[in-house]
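Below are the chains, spelled out letter by letter.
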Amino acid sequence: MAYLLEHSEAQASWDKFKSNVAELFAQPVPFQCSGTTKLDEPLTLLAMVGEKAIGVKFPLPSESEADALKPMIELCEPAVFGRGKENVLDPTYRNALVLPTKTVGLISPSFSLNPILNIVEKLLLTSYEQLEGKRIKAVFEKCNVYAKGGFFGAHADTPRGEGMFASLVLILPSHFSGGELVLRRNNSQSKPTSKSQRMRELELTLDEEEYSFGCGDPTHLKWIAFFSDTEHEIKSVTDGSRVTVTYNLFSEDVALPPPLVKSPAASTATIPIYEILMNGLKDPNFLPDGHEIGIYCKNNYIIGTEEKADAVIKRL
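Residues numbered from 1 in each chain as written. Predicted model: local features only at pLDDT ≥ 70, side-chain atom pairs only at ≥ 80, totals over all residues. Heavy atoms only, no water.

## Quick word on the nonpolar core
For clarity, the threshold we go by: Side-chain atoms within 4.5 Å are what join buried Ala, Val, Leu, Ile, Met, Phe, Trp, Tyr and Cys residues into a set we call a nonpolar core. Accessible area is worked out with a 1.4 Å probe on protein chains only. A residue is then buried under 20% of its type maximum, exposed over 50%, and partly exposed in between. By definition, residues are in contact when any of their heavy atoms lie within 4.5 Å.
Ranked by internal contacts, the top residues of the largest apolar core, which has 60 residues, are L45, M72, L99, L168, L170 and L172. Residues within four places of L172 in sequence aside, it is in contact with L43, L45, F58, L106, L221, V243 and V245. With eight residues, the next largest nonpolar core counts V21, L24, I276 and L287 among its residues.

Here you go:
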């Protein structure tokens, strides 16, 4: 429930705080980044399914792509998708194949995930490089094949573990048509108000953004990283086969030796929201009676329990 401040000085201090937060959040923040990687040498996808091992080289030979993919497709199963806590098989919503294994590797002397992860860190996590002892870890999630007619309806993923913040999709080089990955983002911050909510809400409305990623150069590897709760869909493949490898991206702590000199640039104090909060707390007129402040985040985050964010908000 919204509350009234008794003194005009306190009201002015609160209004200034809200204005500073609104200005900070109004700045455009990317929710995706992408790129292409030229493979100087073939990239081999290795997989172990049960006692069977396969190896498929990419780029696929244009004259015999179907034959090159046949050993892999023979080991695939129909792909399911998550609906709540259940895995659902519904080819009217998702028509795709998946390798039923977590034992998958990409081998090439000229390819590494590290340069891609460095780009993701700089473009998606704008304050991340200011924090010492943090890095991005990529964990293999799945390998999918979208043959002709394959597609996946619009959906949004949910982070699957502590520290997960984004998904990374590699589109392996092959000749196919259709199969565009479409990302959509509505940055509206408008939320319903409940009577138990003792906070003022901050409403920001930005235009919906949409990006589409197709085949591109069939001799190059295409990659796209996006926040996990971004709505996305895969359009129908009209020709050929679209082969992807997906990783979950996690933020993890790394043990580092103590620095000889502590750098101010490697402190949480350099994060913009920290400065706004500290300036407010230094003002004697800022919330003189004390209150709990809640700021809606733009993405879904794991908070370490099964308690949903709405339940947390009701306690504020």
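Once the structure has been displayed, the description carries forward.
## Things to note about the pairing of strand β11 (residues 151–156)
Remark: a regular strand shows side chains that alternate across the two faces of the sheet. The condition that has to hold: DSSP-based pairing: two strands are paired if at least 2 bridges between them are found. Helix and strand definitions follow DSSP, with helices as H or I runs of at least four residues and strands as E runs of at least two, each counted in order from the N terminus.
Where strand β7 (residues 94–95) meets β11, two bridges bridge the pair, whose relative direction is antiparallel. The partner of N95 across the bridge, within β11, is F151. In the sheet, β11 pairs with strand β17 (residues 231–234) via three bridges, with the strands oriented antiparallel. If you follow H155 over to β17, its bridge partner there is H232.

## Let's talk about the sheet that holds β17
Pairing is antiparallel across the open sheet formed by five strands, whose spatial order is β7-β11-β17-β14-β15. Because the sheet does not close on itself, it has two edges, and the strands there are β7 and β15 (209–213). Two strands pair when backbone bridges link them, and strand β14 (residues 181–185) and β17 are joined in this way by four bridges, in the antiparallel orientation. Bridge pairing in β17 links L181 to I234.

## Concerning the environment of K122
As for its placement among the helices and strands, K122 is situated in helix α3 (residues 114–124). The exposed category is assigned to K122, whose relative accessible area is 52%. Along the chain, K122 and C33 lie 89 residues apart, while their C-alpha atoms are 10.0 Å from each other.

## A word on the state of the cysteines
So the rule is basically this: In plain terms, two cysteine sulfur atoms within 2.5 Å form what is called a disulfide here.
According to the stated counting rule, one finds zero disulfides in the structure shown. Lacking any disulfide linkage, C76 is separated from the closest cysteine sulfur, that of C143, by 6.6 Å. A relative accessible area of 0% places C143 in the buried class.

## Notes on the side chain of H220
Using the following cut-off: Between N or O atoms, a polar contact is any pair within 3.5 Å; within protein, one atom must be a potential hydrogen donor and the other a potential acceptor, and residues adjacent in sequence are included only when both atoms are from side chains.
Positionally, H220 belongs in strand β16 (residues 220–227). Within the structure, H220 has its side chain in polar contact with the side chain of T219 (distance 3.1 Å). If sequence neighbours within four positions are ignored, H220 has contacts with T37, K38, I171 and P173.

## Some details on the packing of aromatic side chains
How we decide: Put simply, two rings from Phe, Tyr or Trp (the six-membered ring, in Trp's case) pair if the centres are within 6.5 Å, and we call them stacked under 30 degrees between planes, edge-to-face over 60, tilted for the rest. The rule for a charge over a ring is simple: NZ of Lys or CZ of Arg within 6 Å of the ring centre, and within 35 degrees of the ring normal.
Within the structure shown, the criterion is met by five aromatic pairs. Ring plane angle 50 degrees and centroid distance 6.0 Å describe the contact between F81 and F152, whose orientation is recorded as tilted. Remark: F152 occurs in strand β11 and F81 occurs in strand β5 (residues 81–83); sequence separation between them is 71 residues. Under the relative-accessibility criterion, F81 is labelled buried at 7%. Judged by centre distance (6.0 Å) and plane angle (90 degrees), the rings of Y93 and F152 are edge-to-face. Of this pair, Y93 sits in the loop between β6 (86–88) and β7 while F152 sits in strand β11; the two residues are 59 residues apart in sequence, bridging distant segments of the chain. Within the aromatic cluster, the residues linked to one another by ring pairs are F81, Y93 and F152. Seen from the ring of F250, K137 lies directly overhead, with NZ or CZ sitting 6.0 Å from the centre. Geometry around Y146 places R242 over its ring, the cationic atom sitting 5.4 Å from the centre.

## Quick notes on helix α1 (residues 8–25)
Using the following cut-off: One less than the number of residues in a helix, times 1.5 Å, gives the span that helix is expected to have. Working note: the arc is built from the helix axis to C-beta atom directions.
Helix length check: α1, at 18 residues, gives a terminal C-alpha distance of 26 Å against a target of 26 Å (1.5 Å per residue), a fit within 8%. Within α1 the residues assigned to the buried category are A10, S13, W14, F17, V21, L24 and F25. The buried residues of α1 occupy an angular sector of 105 degrees when the element is viewed end-on, so they sit on one face. Seen from the open side of α1, the exposed residues pointing more than 90 degrees away from its buried face are S8, K16 and E23.

## Details of the sheet that holds strand β3 (residues 52–58)
Test applied: To get an axis, fit a line to the C-alpha atoms, keeping to the stretch in contact for a helix; angles then go from 0 to 180 degrees between the N-to-C directions.
Strands sit in the order β3-β2-β9 across an open sheet of three strands; the sheet is antiparallel. Because the sheet does not close on itself, it has two edges, and the strands there are β3 and β9 (104–107). Adjacent strand axes in the sheet meet at a mean angle of 20 degrees, parallel and antiparallel pairs treated alike. Summarising the sheet, strand β2 (residues 43–49) and β3 pair through seven bridges and their orientation is antiparallel. Opposite A47, over in β3, you have I54 as the bridge partner. Its contacts with the sheet place helix α2 (residues 65–74) against β2 and β3, and it is angled at close to 150 degrees to β3.

## Describing the layout of surface pockets
Stated precisely, the cut-off is as follows: Here a cavity denotes a set of grid points, spaced 1 Å apart and computed over the protein atoms alone, in which a 1.4 Å probe fits but from which it cannot get out, and a pocket denotes an open set meeting protein on both sides within 12 Å along at least five of seven lines; residues with an atom within 4 Å of a point are reported as lining. Grid points are joined across faces, edges and corners, and a volume is the space filled by probe spheres set on the points. As a working rule, the residues Ala, Val, Leu, Ile, Met, Phe, Trp, Tyr, Cys and Pro are called nonpolar, Asp, Glu, Lys and Arg charged, and the rest polar, with Gly in that last group.
Looking at the second largest pocket, its volume works out to about 210 Å³. Around the second largest pocket, the lining comprises 11 residues; the ones closest to its centre are K16, N20, I276, N279 and G280. Only α1 and α4 (272–282) provide two or more residues apiece to the lining of the second largest pocket. Looking at the lining of the second largest pocket residue by residue, the classes come out as four nonpolar, four polar and three charged.

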